[in-house]
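Architecture and fold: a report
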Amino acid sequence: MMQILTRTINQLARIIGGCVHCGGHGTASEFSTRLCLDCADAVNLAPFRCRTCAVPLSTDDAQCLHCIQQPPLYTRTDAFADYSGTLQHLILQYKFHNKLAYAPLLADLLTHAWRNIEPPDVVIPVPQHDSMTCTRGFIPLEYIWQCMDNSTPVNSRAVVRLHHAHLQVGATALERRRQIKGAFAATADLTGLRVLLIDDVYTTGATLSEMAKICIAAGAAQINNLVIARARMGK
């Protein structure tokens with residue numbers, strides 16, 4: 001039912017047109033009919049990224065030095081673009097100001113980032129604590145996923161969030177690692193599964209690292225990540 005609704009919404013978007021960011025009716029970008037070419041040009045795609053953490057690189061190296069010296073528990077991370085400018089504005093407005101109309105666009109961008117991914121056995125969105133769901137009134141990642149036309153199995157309750165002591169926004173790398181420690185628990189048997197973790201923004205990797213640790217403890221054979229945006233903040 002949701003896939004039919006998604007296709008209908010996409011068809012209507014092509015007919016009506018218009019950029020959800022600037023409101024203009026210029027030429028649509030290659031990423032989405034909901035983002036005009038001018039706004040898309042302000043998005044930093046970065047030609048080279050570390051295959052493990054997706055941090056932008058200046059050359060076509062497979063990995064950044066940090067991932068070579070301290071390999072994380074996950075194997076690969078794919079990101080649509082840098083967390084800056086237009087994309088940062090869209091994500092912040094969506095998550096913290098209830099701009100739900102941005103969800104289909106963010107779903108389009110996540111779909112674009114998906115194009116080079118080997119299909120996983122299961123998709124697990126980074127969970128939101130129940131208290132935050134009550135505050136926001138919706139679960140951002142789940143709503144974005146529902147807007148995607150993707151038939152890959154998703155288990156949004158395979159990992160649950162046990163606490164949400166602080167918002168991660170503005171925290172340093174060390175603070176993020178401390179805040180997120182012990183925040184998740186697995187509720188599903190992931191033995192032998194290739195797991196794809198989905199998040200909106202990869203900043204320091206603290207959240208995804210903690211998620212990967214929990215999934216591996218639950219038996220996962222491999223962990224990869226897919227995010228809409230990758231921040232340039234140091235680890």
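Reference entry: report on the structure contained in this document. Sequence order as written defines the numbering, with residues in each chain counted from 1. For a predicted model such as this one, the threshold for reporting local features is a pLDDT of at least 70, and the threshold for listing and counting side-chain atom pairs is 80 or more; totals across whole chains, interfaces and linings nevertheless cover every residue. Heavy atoms from the whole structure form the basis of all side-chain values; hydrogens and water molecules are not counted.

Strand order in the open sheet made by the 4 strands is E1-E6-E5-E2, with parallel pairing throughout. The two strands at the open ends of the sheet, each matched to only one other strand, are strand E1 (76–82) and strand E2 (122–125). Adjacent strand axes in the sheet meet at a mean angle of 20 degrees, parallel and antiparallel pairs treated alike. The pairing of E2 with strand E5 (residues 194–202) spans 4 bridges and is classified as parallel. Residue Val122 lies in a different strand from E5, and its bridge partner there is Val195. Across the face of the sheet, helix H9 (residues 206–217) comes into contact with E2, E5 and strand E6 (222–230) while running at roughly 160 degrees to E5. A strand pair is defined by DSSP finding two or more bridges across the two strands. Numbering goes from the N terminus for both helices and strands, where a helix is a DSSP run of H or I of at least four residues and a strand is a run of E of at least two. Axes here mean lines fitted to C-alpha atoms, for a helix over just the part in contact, with angles spanning 0 to 180 degrees between N-to-C directions. Throughout, a residue-residue contact means that at least one pair of heavy atoms, one from each residue, lies within 4.5 Å.

Quick look at the side chain of Thr204 now. Mapped onto the elements, Thr204 comes out in the loop between E5 and H9. Under the rule applied, a polar contact is a pair of N or O atoms within 3.5 Å (in protein, one hydrogen donor and one hydrogen acceptor; residues adjacent in sequence only if both atoms are side-chain atoms). Within the local environment of Thr204, its side chain forms a polar contact with the backbone nitrogen of Ala206, the two atoms lying 3.3 Å apart.

It is worth spelling out the packing of helix H4 (residues 85–96) against helix H5 (residues 103–114) at this point. Where H4 contacts H5, the two axes come as close as 10 Å, and the packing angle between them is 130 degrees. Considering their axes alone, H4 and H5 lie oblique with respect to each other. Crossing of H4 against H5: the hand is left-handed. Contact residues: Leu87, Leu90, Ile91 and Tyr94 in H4; Ala103, Leu105, Leu106 and Leu109 in H5. Asp, Glu, Lys and Arg are counted as charged, while Ala, Val, Leu, Ile, Met, Phe, Trp, Tyr, Cys and Pro are counted as nonpolar; the rest, among them Gly, fall into the polar class. Tallied by class, residues from the contact of H4 with H5 come to 8 nonpolar, no polar and no charged. Angles are sorted into four bins: roughly parallel if under 35 degrees, roughly antiparallel if over 145, roughly perpendicular if 65 to 115, and oblique for all others. Helix crossings are classified by the rotation of the near helix relative to the far one: an anticlockwise turn of less than a right angle makes the crossing left-handed, while a clockwise turn makes it right-handed.

Time to look at the environment of Pro140. Relative to the helices and strands, Pro140 resides in helix H7 (residues 140–146). Once the C-alpha coordinates of Pro140 and Leu100 are considered, the two residues, 40 residues apart in sequence, prove to be 8.6 Å apart. Not counting the four nearest positions on each side in its chain, Pro140 is found in contact with Tyr94, Lys95 and Gln128.

One non-glycine residue, Ala54, lies in positive phi territory at about 70 degrees. Mapping Ala54 onto the fold places it in the loop between helix H2 (37–41) and helix H3 (65–69). Each residue is assigned to one of three classes by its accessible area relative to the maximum for its type, calculated with a 1.4 Å probe on protein chains only: buried under 20%, partly exposed between the two thresholds, exposed over 50%. Residue class for Ala54 comes out buried when judged on its relative accessible area of 0%. Located in the positive-phi region is Asn98, a residue other than glycine, with phi close to 55 degrees.

Before going further, it helps to examine the pairing of E6. In terms of residue burial, E6 counts as a mostly covered element, since 8 of its 9 residues are buried. In the sheet, E1 pairs with E6 via 6 bridges, with the strands oriented parallel. By the bridge assignment for E6, Asp78 is matched with Leu226. Where E5 meets E6, 8 bridges bridge the pair, whose relative direction is parallel. In the sheet register, Val195 faces E6, and the bridge partner there is Ile223.

What follows deals with H5. A helix's residues, less one, multiplied by 1.5 Å, set its expected span. For H5, with 12 residues, the first-to-last C-alpha span of 16 Å sits near the 16 Å given by 1.5 Å per residue. Judged by how many residues are buried, H5 sits mostly within the fold: 11 of 12 residues are covered. Regarding H5, the residues found buried are Ala103, Pro104, Leu105, Leu106, Ala107, Asp108, Leu109, Leu110, His112, Ala113 and Trp114.

Bringing the environment of Ser209 into the picture now. Locating Ser209 in the fold gives a position in helix H9. In contact with Ser209, not counting residues within four places along its chain, are Leu73 and Tyr74. A distance of 2.8 Å separates a polar atom in the side chain of Ser209 from the backbone oxygen of Gly205.

Turning next to the state of the cysteines. Here a disulfide denotes a covalent bond joining the sulfur atom of one cysteine to the sulfur atom of another. Disulfide: a pair of cysteine sulfur atoms within 2.5 Å of each other. Evaluated as defined, the whole model comprises 0 disulfides. No disulfide involves Cys39; its nearest neighbouring cysteine sulfur is the one of Cys36, lying 3.5 Å away.

Turning to the packing of aromatic side chains, a few remarks are in order. Classification of ring pairs rests on two measures: the distance between centres of Phe, Tyr or Trp rings, Trp counted by its six-membered ring, which must be within 6.5 Å, and the angle between planes, read as stacked under 30 degrees, edge-to-face over 60 and tilted in between. A complete count under the given rule lists 4 aromatic pairs for this structure. On the numbers, 5.4 Å between centres and 65 degrees between planes, the contact of Tyr94 with Phe138 is edge-to-face. Residue Tyr94 is found in helix H4, and its partner Phe138 is found in the loop between helix H6 (130–136) and H7; the two are separated by 44 residues along the sequence. For Phe138, a relative accessible area of 12% corresponds to the buried category. Between the aromatic rings of Trp114 and Trp145, the centroid separation amounts to 6.0 Å while the plane-to-plane angle is 50 degrees, which identifies the pairing as tilted. You can see Trp114 sitting in helix H5 and its partner Trp145 sitting in helix H7, a full 31 residues away along the chain.

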